[in-house]
Structure formats: C-alpha cells, structure tokens
Amino acid sequence: MPAACDSVLEDIEDIVLAEDLKPHDRQFVRKNVFPKVRKRNSQKNVQTDDDPPSDSIIPGAQKIWIRTWGCSHNNSDGEYMAGQLAAYGYKITDNSAEADLWLLNSCTVKSPAEDHFRNSIKKAQEGKKKVVVAGCVPQAQPRQDYLKGLSIIGVQQIDRVVEVVEETIKGHSVRLLGQKKDNGKRLGGARLDLPKIRKNPLIEIISINTGCLNACTYCKTKHARGDLASYPIQELVDRAKQSFQEGVCEIWLTSEDTGAYGRDIGTDLPTLLWKLVEAIPEGAMLRLGMTNPPYILEHLEEMAKILNHPRVYAFLHIPVQSASDSVLMDMKREYCVADFKQVVDFLKEKVPGITIATDIICGFPGETDEDFQETMKLVEEYRFPSLFINQFYPRPGTPAAKMHQVPAAVKKQRTKDLSQLFHSYNPYDHKVGERQRVLVTEESFDSNYYVAHNPFYEQVLVPKDPLLMGKMVEVNIYEAGKHFMKGQPVSDARVYTASITRPLAKGEVSGLTEEFRHAPQNGTNWKAHPSAEIPGKTALSSWMALQLPWQQEGGGLKILSVSLALLAVLVVFYYGGMKTEL
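As the structure is a prediction and not an experimental result, all values here were calculated from the model.

Participant: Explain the nonpolar core to me, using residue names and the numbers behind them.
Facilitator: Ranked by internal contacts, the top residues of the largest apolar core, which has 94 residues, are Leu85, Leu103, Ile153, Val165 and Leu347. Per element, the largest residue contribution to this core is 7 residues, and it comes from helix α3 (residues 72–88). Core analysis: the second largest hydrophobic core is formed by 17 residues, Ala99, Leu104, Val137 and Leu147 among them.

Dropping the structure here:
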C-alpha cells in the first residue's frame, strides 16, 4: 500500500526552483539565528479567561444593562432579549454604570415615556456607553434625529438581539425592522420558545398576538405593532406547559387586544382559553390581558364561564376611554358607551365579584365639558376599583395630533377632577373580615410585605414570610386601603404549593435544553441547539459562525490532522532537498 505522502514525493521536485535555498544554505542561516528570551509576566499581571481585557471585543464578554418601559407585552420582549444575551454569555447587570452597553426597550403610548427613553439615550452617550434601542418608538419612527447612528431591534426581530448587540459592540450600526412572515402571511413575532429571563421567576408573560384590528386616531402603538397577527394555539399551550415545568405559578396573557385573538387564523379567544385551562396545575392561576369591547361582545357567554373557572382570575381590563359617543367616534373606537355597559353589566351578573379595570383619556381633541361630565357619571356609577387615568398627549404622526386640541390647562384640570373622584371611594372597605384564598407571587415596593392576589385579582398584602412565596394560602382580611387589602394567614388552613417544580432562581435563564445548560457560557464556545435554527442569518446562526475551527465539534482532531500533514510535507521537502544535493 503506498504511503500517504507518495503523491507529494512525485511532485516535490516540480516546485523546487533554481533560486531556492539548498539544504546547506538553510543550515548556514540557522547558525546566525539567536533565540530571544521572552520575559514572563508575573502571576499578578496574568488575566484569566473569565476576565478579558476591558477593551476586549470578544463577543459575549461584555456587561449589558436593560431598561424596559411600557406594557406587559413590552416587558415580555425585554425578558426574551435578556435571556438570549445571557444564554450567549453576556452578563446582564442591574448596575447601569458598570455596563458596557445599554439596551433600551421603549414605549410609544405617551409622550412622557418617550421623553424618558430619549433622556436615557443621551445619558448613555454622555457616559460613552454603547447603545441599542428596541420597542415601539424606533419601530414606529426610526428616522428621528436622536436615533441617528444607533442600532435598532424591531419589535418582531427580538430573536436577533445577539447579532445586533455584537455588531454594536464592534462599533457598527445595525437596524432590523422587518416583519416575520410565513409564505407571505405575517406572524405573531419571534418564536415563543426562546431563552428568557423572567423579571419574576413565578410569573410568565405570554403574548398571544401582536397588533390589532383597530385604527384608533390617537394610537402610536399601531404604527409599531401593525395589524393583528396571532400565535397558533398549540404554540401558546406548549409555552404555558414549559413555564409550569420551570416553576411558574401565574401566567399573564397579553397583547394589544386579547379579545381579537385568532380572527386572523380562524379561531377565537375562548377556544384558546379552554385549551390553556386544561394545562394549568392546581394552585396556579391565569390572568387575562386587555380586551376592547367590540371583540368580547361576541363571546360574553363563554367568557363568563371561563372567568368563573377556579384557576382563572375573575378579572378583565376593558378600556372605555370616554363615556361620550361623539368622542368615541372621533377616536374611531368602533363601539358606543352602551356596548361597554352591556359587557360590564353582563359580566358582573354572571361572574359575581369580578374586577373590571378600565382606562380613560382626559382632554381628547374636541372633548367638551358635557362630554367629560358623561365620563364622570360613568365612573360614579360603576366605581371601578382599578382606573387608569391618562391626560391626552398628541403623538406625532397620528390623526389626533392634527385635530383641534383642548387647552393644556383644561386637560390638566379634567385629569385632576377625575382623579379626585376616583380617590373619593374605597372599593375594599366592605371586605374587611372576609376569609380569602390568595396566591403570593411578589414583594411590595417598600419591601415590607409580600404581595398576593385573591380570585378577583385584588391586591392583598401578607406578612413577609419566605415560606409563603409561591404558595396559595388562606388569609383573614383585617385592613383595607384604596389599592390593597391586608391579610393574616390562617394557621389551620391548607397551603398549596402552586408551582409543580422548584422555580428558577432570579436571573436564571429559562427555556434552555440540557445541551444549552451544559454548554460553556461564553461567546466563542457557544453551540446552538439544532431546533433553534431559523431561516436566514439569525442570532443563532451567527453564533455558530463565530466558532473557530478548534472550537467546532471535532475541531481538535481536524487541526491535529492538518498540522501533521504540513509537518510531513516540510520533512519530505527538507530531506528530499538533501538527497538531490548529495
């Protein structure tokens, strides 16, 4: 059998030229080469692999600070982006000062939120931080002056956050603003099974659809989120099951309009909810998100049955915005006040004790004093326990911004008057002395209590006992405030452990397979899970592209083989040259 290098020997003399050095000459040159002694660094100056140089641009070696404004949908997007970055190896930090890059996830609903967003960009630039912006503001208006030169992640491109961050750290500006489509049909957004870091390990926020079917004249979010695009039911059920397997005990369903869910894919909200209810373990709870009146009207009977289910909070957020039909028409809300009342009255009758939350805009263009008084009467009649009062802010590019504006002083006064009415009644006073079942999931802002919710999603503060966190317990209500009640756990009552498994630690990445969990957590050693690949250049495909030959599977053997082959060629060339000279 011929040797592996026989073919090389046959051709070796063809590449030796007359002017090439002969073996004797090469030996002579070696005698004039003097080795240079390299000084070794002292141990104290040696940097470990875990602590790369501060000016390093090795992917995955930097610290990232993430700030999110806005709705629960936006918060879910922020959790997904944090999870992917952490899974890749970046360190997510709560300290903005120590971060190398700021990821700012914006909200465009109101001007103050955008002002905070703009100021944060300015502060980051003054601090010489790298900046990546995301959320509804840059998606809706990417050409704004203060966004020039910044990298942007579109609301449907959050699965490519690693690519954008990588390139930004290298000094490049990247903008991904496209829509996700399948055979020309718009999808709900990025996949639901991406890595995620939940702000609260006990609560999973699931976006069931993006966009809406309305065209409200004041809404800027529509410009960013677009038309309705729903996720398939099975994907949502699978995500819920995965969450429960990771210790979650409360699920929030969110979207720009949950009531419109499924209209684009041939299904509806009640069908989804019945499927989800089947997956909820005992002790865990489901909370529905905001729904506009027009789309819930068709499903009132089924929705009442679902809201009466023991594992679904008897809570619904139905924005009315105004009690004036003329104002609602100018808003293009597609319902009248009678429709809103029909929904609320029906649910109050069929779901005893239900909590109805609503929104009101004060000072919409064209709103008269009479219009506003109709709104005041509505609040007085229903005494909503949860009321979101918003002074109107004209958003650039919306039809309402071009309408005749209500004077600022009038808007401010109406907002004040409505706020005073809201604070004139206490919705929970009559519940003092009740015995309630509550699910404990959070810590209060002042850190003095744990926050729980009863079956109507009313806030109940309980003693800060670590044994209560994540548990379903019974409490006696002994005090009531405007926005909360206080409860004392009943000593002889049964305690449910709502989670079916140990919850993830705070900051731990969810959605990781065993392969992900055992992979080295740094940028250059990342190995993407096959199921994570998506068409086109994605974050995961770029991670794979970053692997150097010796980091790829079997790479060590490949490098060794190549090295030995090169060594063999050099040896043959050297001794072959000696043979020809002799």
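From this point on, the discussion continues.
Participant: Before we move on, could you go through empty space enclosed by the protein and cite the residues and values that matter?
Facilitator: Per the counting criterion, the structure on display carries 4 cavities of 30 Å³ or more. Each pocket or cavity is described by its volume, and for the largest cavity that value is around 130 Å³. Along the walls of the largest cavity sit 15 residues, with His73, Asp77, Ile158, Ser207 and Tyr231 positioned nearest its centre. Tallied by class, the residues present in the lining of the largest cavity amount to 6 nonpolar, 7 polar and 2 charged. There are two domains that each give the lining of the largest cavity at least three residues, and those are domain 1 (63–182) and domain 2 (202–425).

Participant: Describe the packing of helix α13 (residues 337–350) against helix α14 (residues 369–382), with residues and values.
Facilitator: Contact geometry for α13 and α14: axes closest at 13 Å, N-to-C directions at 5°. With respect to each other, α13 and α14 are oriented roughly parallel. Judged by residue contacts, Phe340, Lys341, Val344, Asp345 and Lys348 of α13 engage Leu378, Glu381 and Tyr382 from α14. Residues that form the contact of α13 with α14 fall into these classes: 4 nonpolar, no polar and 4 charged.

Participant: Explain the pairing of strand β15 (residues 355–362) to me, and be specific about the residues and the numbers.
Facilitator: Taken across its 8 residues, β15 has 8 buried, putting it largely inside the fold. Burial along β15 is two-sided: Thr355, Ala357, Asp359 and Ile361 facing one way and Ile356, Thr358, Ile360 and Cys362 facing the other are all buried. Of the pairings in the sheet, the one linking strand β14 (residues 315–317) to β15 comprises 3 bridges and is parallel in character. Bridging from a neighbouring strand, His317 pairs with Ala357 of β15. Across 6 bridges, the pairing between β15 and strand β16 (residues 386–391) is parallel. Paired with Ile361 across the two strands is Asn390, which belongs to β16. For the crossover from β15 across α14 to β16, the handedness is right-handed.

What counts and how
- Residues numbered from 1 in each chain as written.
- Predicted model: local features only at pLDDT ≥ 70, side-chain atom pairs only at ≥ 80, totals over all residues.
- Heavy atoms only, no water.
- Core = buried A, V, L, I, M, F, W, Y, C linked by side-chain atoms within 4.5 Å.
- Buried < 20%, exposed > 50% of the residue type's maximum accessible area, 1.4 Å probe, protein only.
- Helix = DSSP H or I, 4+ residues; strand = E, 2+ residues; numbered from the N terminus.
- 1 Å grid on protein atoms, 1.4 Å probe; cavity = no way out; pocket = protein on both sides within 12 Å on 5 of 7 lines; lining within 4 Å.
- Points joined across faces, edges and corners; volume = space filled by probe spheres on them.
- Nonpolar A, V, L, I, M, F, W, Y, C, P; charged D, E, K, R; others polar.
- Domains from an automatic or database assignment.
- Axes fitted to C-alpha atoms, helices over the stretch in contact; angles between N-to-C directions.
- Parallel < 35°, antiparallel > 145°, perpendicular 65-115°, else oblique.
- Contact = heavy atoms within 4.5 Å.
- Pairing = 2+ DSSP bridges.
- Right-handed = clockwise from strand over helix to strand, strands pointing away.

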